[in-house]
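Spelled out, the chains give:
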Amino acid sequence: MIKSIHMLFAILSVSGFISRIMLAEFKPTLLQAKLAKIAPHIIDTLLILTGLTLVFQGNWLAGEYGWIISKIIILLVYIGLGVLAMRNTGMKRWSYFVGALACFGYILFIAISKHGFI
Ligand code: HEM
């Protein structure tokens, strides 16, 4: 149950990010809307909170938990690259955008395989 909610927030996070980049590029005025400003913070907070809940629910810290640390580190890189993509323009923006999506893909790989780099 919590896992489904966690995965839902993961999908909302990445689809929201892609939508904001597209708005920043093609319809920047829409980004002024209050919802566009606060929704990403709420979604990402809930993504992390449901992730932490799963850590304790599944007693994951009792075993090999390097993949969880890896996931959190790449999540921070994903958020950082996402912020840079929003703040820059042109090729720089698209490079950060692709980097952020690659991080998201890597997090998915870690989540499913339960194998990180630590
Ligand atoms: C962009 C960020 C994230 C994405 C895309 C993501 C994605 C996923 C996915 C798809 C699963 C299901 C994997 C499966 O069972 O096949 C999962 C499970 C899990 N996630 Fe995340 N996650 C993210 C962030 C986090 C964070 C920040 C934490 C911890 C603080 C976390 C902790 C967990 C745990 C412990 C499970 C395993 C649940 C279980 O099998 O009992 N996740 N995640």
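What comes next is a walk through the structure. (Residues numbered from 1 in each chain as written. Predicted model: local features only at pLDDT ≥ 70, side-chain atom pairs only at ≥ 80, totals over all residues. Heavy atoms only, no water.)

## A look at the coordination of the iron atom of the ligand
Definition in use: Note: metal donors comprise N, O and S atoms at 2.8 Å or less from the metal (3.2 Å for Na, K and Ca); water molecules are not included, so apparent gaps in a site are possible. Square planar and octahedral assignments, for four and six donors respectively, both demand that opposite donors be over 155 degrees apart and that all other angles lie between 65 and 115; tetrahedral needs four donors with all angles between 85 and 135 degrees, and anything else is irregular. Counting from the N terminus, the helices are DSSP H or I runs at least four residues long and the strands are E runs at least two residues long. Between buried and exposed lies partly exposed: a residue is buried under 20% and exposed over 50% of the maximum accessible area for its type, with that area taken using a 1.4 Å probe on protein chains only.
In this structure, H6 (NE2) and K71 (NZ) serve as the protein donors to the iron atom of the ligand, at separations of 1.8 to 2.0 Å. In this structure, the iron atom of the ligand is surrounded by six donor atoms whose angles at the metal cover 79 to 177°, and the resulting shape is octahedral. Here the residue H6 occupies a position in helix α1 (residues 2-26), and K71 occupies one in helix α3 (residues 66-87), the gap between them amounting to 65 residues. The class for K71 is buried, based on a relative accessible area of 18%.

## What to know about the packing of aromatic side chains
By convention here, two paired aromatic rings are described through the distance between centres and the angle between planes. So the rule is basically this: For this analysis, a ring pair means two rings from Phe, Tyr or Trp (six-membered ring only for Trp) whose centres lie within 6.5 Å, classed as stacked if their planes differ by under 30 degrees, edge-to-face if by over 60, and tilted for the remaining angles.
Tallying each qualifying case throughout the model produces seven aromatic pairs. A centroid spacing of 5.6 Å and a plane angle of 50° characterise the contact between Y78 and F104, whose relative ring orientation is tilted. Note that Y78 is positioned in helix α3 and F104 in helix α4 (residues 90-113), a separation of 26 residues in sequence. Clustering of aromatic rings is evident, with ring pairs tying together F17, Y78, W94, F97 and F104.

## Structural notes on the side chain of N88
Note the following rule: Counted as a polar contact is a pair of N or O atoms within 3.5 Å, where, for protein atoms, one must be capable of donating a hydrogen and the other of accepting one, and residues adjacent in sequence contribute only when both atoms are in side chains. We call two residues in contact whenever any of their non-hydrogen atoms come within 4.5 Å of each other.
Examined against the element boundaries, N88 turns out to sit in the loop between α3 and α4. In terms of polar contacts, N88 uses its side chain to reach the backbone carbonyl oxygen of L84, at 2.9 Å. Those residues in contact with N88, other than ones at most four positions away along the chain, are R93 and Y96.

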